[in-house]
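For reference, the chains in residue letters:
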Amino acid sequence: MTGTPAHSRKPRRRSPSLIFLGLMTAMGGAAPGISFAQSDAERIRALERKLEQSLKTIEDMGARLNELETRATPGPNVSPAAPPAEQHEHERRTSEAGVAASQAPTLLKGFADVGANFSGNRGNKGFIDGSLDFYLTPQLSSNVKSVIELVFEHDKTKGELAADLERLQVGYAFSNAATVWLGRFHTPLGYWNTAFHHGQQLQTSVLRPQMIDFEDAGGVIPAHTVGVWATGAVHAGNGRLSYDIFGGNSPSINANVLDPNNSGKTQPGYSSGFNLGYLFGGSADGIKTGIHGYRAVVRDDTPVANVTRVSILGGYAALDSPAWELIAEYYALRNDDLSGGTGRHGSWTGFAQLGYRAERWTPFVRLEKAALNQADNYFAALDSGRAYSRQALGLRYDLTSNSALKAELNRTVAEAAPTVSFNQLLTQWAIRF
């Protein structure tokens, strides 16, 4: 049998029966000294005096016993605390801060997807493992929070596994209406880019709209920004007025794709933008509309470096109700050539997606269009900077609350000469854990 460790024993508590027995003994010892001839009042007074003496004796004995037990019983493997004068000031402050900043454990969340794709125009065909997305939201204190998103996926051309730190942002919440973030975040343009991140289980469709796809997948609108972002919402009427104001590094064009410049850049150039939205309440609950704007100076790595000031202004509308999903976004671009003297070039792009939720089934349709000026150096330097149109039809089935099966059929027409059209059949099993 294993004995109880000495350091875990608790000081014994005096039994009430022992105390009662001591009282009775003391009273009994005092009784013979009292004359039977005494009056009742005298006997009572004598008993009270004896009782007080007995209680005092018992209290003294109990205090002595406690003192002995305290000396004999060591603490739970804790070294005696150093006198306050011997404790270093920085150690004391660190200890106190650790207690004050205690936090709940951070849960590791994630997303993954697998499937099979069949693409025309010499595209990939066959079964695929999509992406593995690890997602953390450490709450460091009541005001300090963070978002960390690390995605593993295969390169579509070489098939090599690559890891991308898609989001790394730390924020301070001044109130429910104002939070300031610093780091790499999703550029708050439109609705889709901040409503859905890299977890495929979140969005209804298999593909994102091509013009707002992530940079390494061919998007022409900057999807990520490295900088500072202020965001929040305030009550206005029956709804809420939301705002986003941000600034950061300007992207550049490297190897014909947009680069958010995570580590800064040697050439000067910064981006800035805003997003103002209104989320309706009452009978129009679930509807959000807004406007957005963006400006950046973008350089490319072509032999003759081009410098373009990219200016975007547009709007969006979204409906997220138990029965319907509607997302529509529009981007008007006015890009100024700052290095070649070709002037200003106008382009536009947009999409609209509509889905109907019937219990676990969600059929959807999406139309996309991009009229991109090929005389614009910004689009000429991008692999995907060509005018196109796309129609997509799909079906999502929620197998469970955290698992979805999707199928999507689309037709894409690349309108830049020579015109190329092709079809895609995409399937996906996306999970959240």
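Keep in mind that what you see is a predicted model, and the values were worked out from it rather than measured.

Some words on the overall build of the protein chain
From N to C terminus, the protein chain includes five helices and 18 strands. Counting over 433 residues, the protein chain shows a buried share of 37%. Total accessible area on the protein chain stands at roughly 24,600 Å², and carbon and sulfur atoms take up 61% of it.

Concerning the pattern of salt bridges
Using the criterion set out here, one finds ten salt bridges in the structure. One salt bridge in this structure joins Asp 336 and Arg 344, with 2.9 Å as the shortest N-O distance. Under the relative-accessibility criterion, Arg 344 is labelled exposed at 55%. Of the charged contacts in the structure, one is a salt bridge between Arg 366 and Glu 408, with a shortest N-O distance of 3.9 Å. Taken together, the residues span a long stretch of sequence, with Arg 366 in strand E15 (residues 361-371) and Glu 408 in strand E17 (residues 403-414) at a distance of 42 residues. Judged on exposure class, the residue Arg 366 and its partner Glu 408 are both buried. Counted as one network, the salt bridges with shared partners bring together Arg 309, Asp 336 and Arg 344.

Quick look at the confidence of the model for the protein chain
Across the protein chain, the average pLDDT comes to 84, with 76% of residues at or above 70. Predicted confidence for residues 1-38 stays below pLDDT 50, and this span has 27 contacts to residues more than four positions away or in other chains. Across residues 73-101, where pLDDT falls below 50, the model places eight contacts with residues more than four positions away in sequence or in other chains.

Some words on the packing of aromatic side chains
Enumeration according to the criterion identifies twelve aromatic pairs in this entry. Relative to Phe 152, the ring of Phe 134 lies with its centre 6.2 Å away and its plane at 80°, an arrangement referred to as edge-to-face. Taken together, the residues Phe 134 in strand E2 (residues 125-136) and Phe 152 in strand E3 (residues 144-154) connect sequence positions 18 residues apart. Considering the side-chain rings of Trp 361 and Tyr 397, the 4.4 Å spacing of their centres and the 45° angle between planes classify their relative orientation as tilted. Taken together, the positions of Trp 361 in strand E15 and Tyr 397 in strand E16 (residues 388-400) put the pair 36 residues apart, joining distant regions of the chain. Note on Trp 361: relative accessible area 44%, which makes it partly exposed. By the ring-pair criterion, three or more aromatic residues cluster together here, those being Phe 134, Phe 152 and Phe 433. Taking NZ or CZ as reference, Arg 208 lies 4.0 Å from the ring centre of Phe 214, over its face.

Regarding the environment of Ala 296
Looking at the secondary structure, you find Ala 296 in strand E11 (residues 287-299). A sequence separation of 46 residues divides Ala 296 from Ser 250, and the C-alpha atoms of the two residues are 5.4 Å apart. Residue contacts for Ala 296: discarding those within four places in its chain leaves Ser 250, Pro 251, Tyr 270, Ser 271, Thr 308, Arg 309 and Val 310.

Observations regarding the side chain of Ser 205
With respect to the helices, strands and loops of the structure, Ser 205 is situated in the loop between helix H4 (192-195) and strand E6 (224-236). Ser 205 sits in the buried class, given a relative accessible area of 0%. Within the local environment of Ser 205, its side chain forms a polar contact with the backbone oxygen of Leu 207, the two atoms lying 2.7 Å apart. A polar side-chain atom of Ser 205 sits 3.2 Å from a polar atom in the side chain of Arg 366. Not counting chain neighbours up to four residues away, the residues in contact with Ser 205 comprise Trp 192, Gln 353, Phe 364, Arg 366, Lys 406 and Glu 408.

Some remarks on unusual backbone geometry
A positive phi angle, near 55°, is found at Ala 255, a position not held by glycine. As for its placement among the helices and strands, Ala 255 is situated in the loop between strand E8 (252-254) and strand E9 (257-259). For Asn 256, which is not glycine, the phi torsion reads 70° and is therefore positive. Within the element layout of this structure, Asn 256 appears in the loop between E8 and E9. Among the residues examined, Asn 256 registers a relative accessible area of 32% and is labelled partly exposed.

Some words on the environment of Pro 138
Position of Pro 138 among the secondary structure elements: in the loop between E2 and E3. In this structure Pro 138 comes out as buried when scored by relative accessible area, which is 11%. When the C-alpha atoms of Pro 138 and Thr 106 are compared, they prove to be 5.4 Å apart, with 32 residues separating the residues in sequence. Setting aside its immediate chain neighbours within four residues, Pro 138 contacts Thr 106, Lys 145, Ser 146 and Ile 148.

What counts and how
- Residues numbered from 1 in each chain as written.
- Predicted model: local features only at pLDDT ≥ 70, side-chain atom pairs only at ≥ 80, totals over all residues.
- Heavy atoms only, no water.
- Helix = DSSP H or I, 4+ residues; strand = E, 2+ residues; numbered from the N terminus.
- Buried < 20%, exposed > 50% of the residue type's maximum accessible area, 1.4 Å probe, protein only.
- Areas by Shrake-Rupley, 256 points an atom, 1.4 Å probe, with all protein chains shown as cover.
- Salt bridge = Lys/Arg side-chain N within 4 Å of Asp/Glu carboxyl O.
- pLDDT = per-residue confidence, 0-100.
- Contact = heavy atoms within 4.5 Å.
- Phe/Tyr/Trp six-rings, centres within 6.5 Å; stacked < 30°, edge-to-face > 60°.
- Lys NZ or Arg CZ within 6 Å of the ring centre and 35° of its normal.
- Polar contact = N/O pair within 3.5 Å; in protein donor to acceptor, adjacent residues only side chain to side chain.

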